[in-house]
Amino acid sequence: MTKENCYKPPFPVNSSMEKTAGGHIESDISLAPRRVELLSPAGSFDTLKAVAAAGADAVYAAGARFGARAYAANLSQEELLLAIDYLHLHGKRLYLTVNTLLKEDELEKELYQYLLPLYLRGLDGVIIQDLGVLAFLKEFFPGMALHASTQMTITGAYGAKLLKNMGISRIVLARELSLEEIRHIKDQVDIEIESFIHGALCYCYSGQCLFSSMLGGRSGNRGRCAQPCRLPYDTKGAKGSYPFSMKDLCTIELLPRILESGVCSLKIEGRMKQAEYAAGVTSIYREYLDRLEEGSEKSYHVSQEDIKKLMELGSRSGFTTGYYLKHNGTDMMAMKKPAHEKTNQDLWKEIGSRFRNQELEEKIKGTLILIQEQPARLKLYWGEEEIEVLGDQVQKAENCPMDPGGIEKRMKKTGGSGFALEELKLQMEPGSFLPVGALNRLRREGLHALEEKRQKRYRRMEQAQIEQESGESEKEILSVTSDKPEESFAPDPPPKPYLAVQVQTVEQGRFLMDYPYIQRIYIDSGAFLRDSELKQLPGFAEELRRHGKKLFYRMPLVVRHDTARWYETYWDKKTISLMDGFVAGTLDTVGLLLRLGVPGEKILADSSLYVWNRKAKRALEELGISQFTLPIEVNEGQLSHRGYQGGELLLYGYLPLMISAQCLRKNTQGCKKIPCLTEVTDRYKKVFPVQSQCRDCYNILYNSSPLSLLHQYKIVSGLKAFGYRISFTIEKRSQMEQILSYYEQGFLKQESLGQARYLKDYTNGHLKRGVE
């Protein structure tokens, strides 16, 4: 097993706990730090205390804002401050989730005030999705550990390297990665790796899902996913099944192999779950992780009784080991029964009685000195910490002198303080007396002083010092972008935006060559088979150039190790020079292209490289990327904000709602390793196309209706986009001709499109409504 330390706490972390007769859980904080972190979820303060008692090394939770589980109870600002102190007192850490996309006003006016009290209190880290948030935190909250959420869809070493260079210290990898892929990332990049080991699995690569957003306006990128993937759909040969519902992940039998792959933080999913679930799962994984750290992985064995307990705490049609050992498969799916079920109420009651409302207590020692005519003195010792407090003056007893046994009993009444006075040495002059109230007050003040000394290790500089270091006042920080001129964020748009048309096949591309107003053709990587791409590309590129078109190569929507290795092996400078540009949808893709020698100015960031605010746009610019796609989920009011000028706007196309490592065709009909188009039908009889991208082995679920803004010229022209995009996927030639005629009428001639002649089925997307 790897002996690398995942983290270096400021003092040794407790690694054994035992329950006292009084119902408290005592820990010895003097033991050596653990090599691996067990990270548990908390959707409430009660759950946070329960998982801490159950053995979590760290807890991740959200506050009232910006978390990816907006419908969890979450913690109030006051509870977050208490949680930081509570966990730090017991040698544990708190990571705050700010793993949603932030709108411009939220980043400008709300994030700083939200985080500042937590930062000063000693918040251990922030989990983030938005590149703009990353840039903001790095600039205004120095020293804060920044963790890349799984919402960033990091699937390889290239994305990891980029994020490390941007200031990320830990990456929560995509759940779809195998153990071998994780090991490769760890070998290539010196960065902490966090990976999910238990709980719910999404069908889609996290951060790439628009399913809930487009169907009901509840965006997963804003923490409001309505989980339409858990609903029934009709597929070929199966009605009312659950083709997008995955079983829960359970990897307790794989722990040795997961640790060998280089993972240093083991993450349990479940911020929407009750305290009993989170604490029960944590306690079982704690037991087996301790066994691994104390002994040999060769003797590692998980009892069926414990697997049964995990099942009884809750699962969806059983468990799966997820993607660690395989790419996809029906055995990972809960196609018949998607509900999360718990089956043993007695177990839940037992877990609740063990961990709910249980206080962790740290073992300390003390010396009480009572000498007449002098102040009472209490010294407390805890690991490396030592404090001394003075109390009232000790008196000479007039009647009954104090009983040493009674004094010790009173001084050990530490309930609720977080401490257990394990040993007290009493140095008392015979015949001394101190009122009971004074003795109690001395004990309370001593315990408080001891805790404060420990908490000071975590406290950060005061706000005035932050401002002095950064040279910015809070007022200046809150207006950091709004007072700067527009020109510093976006150049003036061209007199006439270009038109780019994205196609799935070479045939579609050739059909478009004779349209003079099309300047760019975006050819999808899936248009070529791997063994024929290098032969087909030169001829296709030459044809386009003869017709005055620019060729952009749209990279795979997901770039994992095998995909990256293929491009590294077969693409040379000559091949790269065939293209005028490249469309990239993830940071891994950007990193790969830059490594291949593609200059940043030739890369267009697709809509899945989210640019919801100007800091995100600037983060891409620092990579050399000046071309970007306007975000799909932002409405016209936000799109018209000056920070969005200069992007490319999608005018028409079937939006990809989910990108999945699963294969619908394989799971319902069997795999033929041939790209194909299948369908699913929802309960409202809407049909959703599903495309198999066999070249890189992923599926794309498209919306049942295409996005179309072709009738919205007045609004669209006011957005000052640099260019427009029309995306063709499943359209036949006649439909392509129809869509282009609408563009000619609505945008070139600026004529009204009568509803009788316009599309019968389309959506305006989020142009009007946006997302919460």
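Residues numbered from 1 in each chain as written. Predicted model: local features only at pLDDT ≥ 70, side-chain atom pairs only at ≥ 80, totals over all residues. Heavy atoms only, no water.

Draft legend 1. Structural context of the overall build of the protein. On a plain count of helices and strands, the protein comes out with 26 helices and 33 strands. Counting only contacts in the protein whose residues sit at least 6 apart along the sequence, the fraction spanning at least 24 positions is 72%. With the model as given, the accessible surface of the protein reaches about 30,800 Å², and the carbon-plus-sulfur share is 48%. (Helix = DSSP H or I, 4+ residues; strand = E, 2+ residues; numbered from the N terminus. Contact = heavy atoms within 4.5 Å. Areas by Shrake-Rupley, 256 points an atom, 1.4 Å probe, with all protein chains shown as cover.)

Draft legend 2. Representation of empty space enclosed by the protein in the model. Scanning the entire structure with this criterion turns up 8 cavities of 30 Å³ or more. There is about 360 Å³ of room inside the largest cavity. R554, D606, S607, S608 and P656 are the residues nearest the centre of the largest cavity, which is lined by 24 residues in total. Within the residue set of the lining of the largest cavity, elements represented by two or more residues are β27 (648-653), β28 (656-660) and β33 (723-727). Within the lining of the largest cavity, the residues separate by chemical class into 11 nonpolar, 9 polar and 4 charged. (1 Å grid on protein atoms, 1.4 Å probe; cavity = no way out; pocket = protein on both sides within 12 Å on 5 of 7 lines; lining within 4 Å. Points joined across faces, edges and corners; volume = space filled by probe spheres on them. Nonpolar A, V, L, I, M, F, W, Y, C, P; charged D, E, K, R; others polar.)

Draft legend 3. Summary view of the pairing of β33. Most of β33 is tucked away, with 5 of its 5 residues classed as buried. The two faces of β33 match: G723, R725 and S727 on one face and Y724 and I726 on the other face are all buried. Direction of pairing for strand β21 (residues 498-503) relative to β33: parallel, over a ladder of 5 bridges. Within β33, the residue paired with A500 across the bridge is R725. Here 4 bridges tie β27 to β33, and the two strands are oriented parallel to one another. The partner of L649 across the bridge, within β33, is Y724. (Buried < 20%, exposed > 50% of the residue type's maximum accessible area, 1.4 Å probe, protein only. Pairing = 2+ DSSP bridges.)

Draft legend 4. The arrangement of the side chain of T367 in detail. Mapped onto the secondary structure, T367 falls in strand β15 (residues 360-370). You can call T367 buried: its relative accessible area is 8%. Among all residues touching T367, those that are not within four sequence positions of it are R377, L378, K379, Y381, L424, K425 and Q427.

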